[in-house]
Amino acid sequence: MGCNRNCGLIAGAVIGAVLAVFGGILMPVGDMLIEKTIKKEVVLEEGTIAFKNWVKTGTDVYRQFWIFDVQNPDEVTVNSSKIKVKQRGPYTYRVRYLAKENITQDPETHTVSFLQPNGAIFEPSLSVGTEDDTFTILNLAVAAAPQLYPNTFMQGILNSFIKKSKSSMFQNRTLKELLWGYTDPFLNLVPYPITTTIGVFYPYNNTADGIYKVFNGKDDIISRQSVYAASFPPFVEKTRVLQFFSSDICRSIYAVFGAEINLKGIPVYRFILPSFAFASPFQNPDNHCFCTEKIISKNCTLYGVLDIGKCKEGKPVYISLPHFLHGSPELAEPIESLSPNEEEHSTYLDVEPITGFTLRFAKRLQVNMLVKPTGTIGDEKAEMFRNQVTGKINLLGLVEIVLLSVGVVMFIAFMISYCACRSKRVN
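The rules behind the values
Throughout, residues of each chain are indexed from 1 in the direction in which the sequence is written. Predicted model: local features are reported for residues with pLDDT of at least 70 only, side-chain atom pairs are reported and counted for 80 or more only, and whole-chain, interface and lining totals are derived from all residues. Just so you know, side-chain values use all the structure's heavy atoms and leave hydrogens and water out. UniProt positions are given in the numbering used here, feature names are shortened, and annotations may be inferred rather than shown by experiment. A pair of aromatic rings is counted whenever rings of Phe, Tyr or Trp (Trp by its six-membered ring) have centres within 6.5 Å, and the orientation is called stacked for planes under 30 degrees apart, edge-to-face for over 60 and tilted otherwise. Counting from the N terminus, the helices are DSSP H or I runs at least four residues long and the strands are E runs at least two residues long. Relative accessibility decides the category of a residue: with a 1.4 Å probe and only protein chains considered, values under 20% of the type maximum give buried, values over 50% give exposed, and everything between is partly exposed. Nonpolar cores were defined as sets of buried Ala, Val, Leu, Ile, Met, Phe, Trp, Tyr and Cys residues, with membership established by side-chain atoms within 4.5 Å. In what follows, residue pairs with any heavy atoms lying within 4.5 Å of each other are defined as contacts.

- With an unreviewed UniProt entry as reference, the protein chain is termed Platelet glycoprotein 4, source organism Bos taurus.
- If you open the UniProt record of the protein chain and go to Sequence similarities (unreviewed entry), you find "Belongs to the CD36 family."

This is the structure:
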């Protein structure tokens, strides 16, 4: 028993070393050796296998984007037609290639603090096109303006700038502009000290989320925490709820056991993100902070979307599962070409249960923006839009969110290098 020859993961190395030859029976001393060795190697401190792979991931990690390209922008604006979208992707970037910085151990509290620099490198061989591919998407600045400046007088002023800049509800942007930022012509005219560069993930490169502090597991390995779901405390049981923090949704989230599977010859537990995580506050009180808009959300009874605007400088940004999987039917009803399914759109982690290492992580999210009808159009079609579209928007609730389904974000992260600990053996 043990890992194949190409695998140096501690789980295989340790398990293979402690199988006694006494008729194939695993002796108690073997159990003790497994536990002692694993507890030592999964502590986040200099010299352990976990620390080495935690500081800098030992394999490539990718973030892939699918973009909803709006096919009928004029029909939507003028006639309140159903929104026709075409999903295009994947467009792949390599991420998490930078080592953690400012790593500081605190022996008194058994914690470690760090910074995780952000960076993204485009991978043409894993993409369907280039960063110069163009999409028709919602105008980010025009859509966000009413939410950021609800005052009627301010909206009137902003509408004049929108009209002067010849901006409209929809715009054409390249993939690179959409994701990483562009100078917006409307914002460029605003005579106030505001940022004129806007993008779904702007700023990203050469930035960091901030300082994280987690328990390193030195005094109690079960207390060791996970930020990026790279690993969890060892000896994972099926009944355990795996907690981890996700900066994409500005909160801690959890996964529950789903199934036992075989990953490249290694038995792992698949933990899945339950639909309850995106339930309405009435169904899941833990989500009460993620519903701040009461009218369109029908007094926070709609489910499947989380308002993360408070950590996005007040912008009306919402997070959901791709294609509004597990969301209220009203969200997807007026959109053509959406087809949510568990296989393609669910989030899951494949965890080796003895070490707690995550061997595969498919993190799938959809970025959305709430659009309110007032103040969003600055030309002669504004009144027509308000008359013909507002009623339908109110009826359909949060469906406006899908106008900026700018990406189905999927992290497929092989967080642990299988060959990283080939030299690690139990004496």
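**What about the packing of aromatic side chains?**
And step 1. Under the definition given, this model contains 16 aromatic pairs.
And step 2. On the basis of an interplanar angle of 85° and a centroid distance of 5.7 Å, the ring pair of Tyr-91 and Phe-135 is categorised as edge-to-face. Placement of Tyr-91 in strand 2 (residues 83-95) and of Phe-135 in strand 6 (residues 134-138) is noted, with a sequence separation of 44 residues between them. The same class applies to Tyr-91 as to Phe-135, namely buried.
And step 3. Centroid distance Tyr-93 to Trp-180: 5.2 Å. Interplanar angle 80°. Geometry classified as edge-to-face.

**Brief notes about the nonpolar core**
One recurring pattern in soluble globular proteins is that nonpolar side chains are buried together.
And step 1. Counting residues in each nonpolar core, the largest one holds 42 residues, and the members touching the most others are Tyr-93, Leu-175, Trp-180, Phe-244, Phe-271, Phe-278 and Leu-349.
And step 2. Top element by residues in this core is helix 7 (residues 175-180). It accounts for four residues.
And step 3. Every residue in contact with Leu-349, bar those within four places of it in the chain, is listed here: Ala-229, Phe-232, Phe-244, Ala-255, Tyr-269, Arg-270, Phe-271, Thr-358, Arg-360 and Phe-361.
And step 4. One finds Val-70, Ile-83, Phe-170 and Leu-370 within the second-largest nonpolar core, a separate group that totals 20 residues.

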